[in-house]
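These are the residues of each chain, in order.
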Amino acid sequence: MGIFSGLLGNLSEVPVEELTRQYGTYLMPNEVISTGFKLVRDSFLITDERIILIDHQGVTGKKTKVSTIDLDAIYEVSMESGGTGFDDSELIIHSITSPYYKANNITTAAYRFEFKKKFNIQSLYVALQSAATQNRKRING
């Protein structure tokens, strides 16, 4: 069932120790992984500073693309919980990608993540939405 759900796009939670062992080289000094998820070969890590997206590419997966969403750049988060049948939970994170958050012409991006319906997405949503609310107040204040 794990591979099948991975192919459908569902993220599975992975222990922090395993993520630190596998992806610790991507961490900045003193940065700590809070939680993380895996989809077949790709991973989604949340640290105390940022969200790290790790995309293993190609047949062997040796080619790797690493992207970052700074936690202080998130301005909106939306969530859809899983329903009956094959419905899964979904989280969409909107962030500012411009280097200057108060610029006249900012650029933004949205990232969509699907989780197994049995994963309690509410606590992750609340944590990220809390950061987004603080960020909007800080940026607009």
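As named in an unreviewed UniProt entry, the chain is PH domain-containing protein, taken from Paenibacillus plantarum.

Tallying secondary structure elements over the chain gives three helices and eight strands in all. For the chain, the proportion of contacts with a sequence separation of at least 24, taken over those separated by at least 6, is 43%.

Once that is clear, we can look at a negative patch on the surface. Together, Asp-48, Glu-49, Asp-70 and Asp-72 give the surface a local cluster of negative charge. As for its position among the elements, Asp-48 is in the loop between strand E3 (42-47) and strand E4 (50-57). For Asp-48, a relative accessible area of 42% translates into the label partly exposed.

Here helix H3 (residues 121-140) spans 28 Å end to end across 20 residues, near enough to the 28 Å set by a 1.5 Å rise per residue. Within H3 the residues assigned to the buried category are Ile-121, Leu-124, Leu-128, Gln-129, Ala-131, Ala-132, Asn-135 and Ile-139. Looking straight down H3, one finds that the buried residues subtend no more than 160 degrees of arc, so they occupy a single side. Residues Gln-134 and Lys-137 are exposed on H3 and point more than 90 degrees away from its buried face. Buried residues belonging to H3 abut strand E2 (33-39), E3, E4, strand E6 (74-80), strand E7 (89-96) and strand E8 (108-115).

This paragraph deals with the side chain of Arg-50. When you line up the elements, Arg-50 lands in strand E4. For Arg-50, the side chain forms a polar contact with the side chain of Glu-31, separated by 2.8 Å. At 3.0 Å, the side chain of Arg-50 forms a polar contact with the side chain of Thr-68. Leaving out residues up to four positions away in the same chain, Arg-50 has contacts with Tyr-26, Leu-27, Met-28, Glu-31, Leu-45, Thr-68, Ile-69, Asp-70 and Leu-71.

Residue placement: Glu-80 occurs in strand E6. Here the alpha-carbon distance between Glu-80 and Ile-121, two residues 41 residues apart in the chain, equals 8.7 Å. Leaving out residues up to four positions away in the same chain, Glu-80 has contacts with Asp-88, Ser-89 and Glu-90.

This part covers the nonpolar core. A general trend in soluble globular proteins is that nonpolar side chains are found buried together. Phe-44, Ile-51, Ile-74, Leu-91, Phe-115, Leu-124 and Leu-128 are the most contacted members of the largest nonpolar core, which totals 18 residues. The set of elements that each furnish at least two residues to this core consists of E3, E4, E6, E7, E8 and H3. A total of four residues in this core trace back to one element, the largest contributor, which is H3. Val-14, Leu-19, Leu-45 and Ile-52 belong to the second-largest nonpolar core, a separate cluster that totals eight residues.

Rules and cut-offs
Residues numbered from 1 in each chain as written. Predicted model: local features only at pLDDT ≥ 70, side-chain atom pairs only at ≥ 80, totals over all residues. Heavy atoms only, no water. Helix = DSSP H or I, 4+ residues; strand = E, 2+ residues; numbered from the N terminus. Contact = heavy atoms within 4.5 Å. Patch = residues over 30% accessible without salt bridge, like charges linked within 9 Å, V, L, I, M, F, W, Y side chains within 5 Å. Areas by Shrake-Rupley, 256 points an atom, 1.4 Å probe, with all protein chains shown as cover. Salt bridge = Lys/Arg side-chain N within 4 Å of Asp/Glu carboxyl O. Lys, Arg positive; Asp, Glu negative; His and termini not counted. Charge placed at Lys NZ, Arg CZ, Asp CG, Glu CD. Buried < 20%, exposed > 50% of the residue type's maximum accessible area, 1.4 Å probe, protein only. Expected span 1.5 Å × (residues − 1). Arc of directions from axis to C-beta. Polar contact = N/O pair within 3.5 Å; in protein donor to acceptor, adjacent residues only side chain to side chain. Core = buried A, V, L, I, M, F, W, Y, C linked by side-chain atoms within 4.5 Å.

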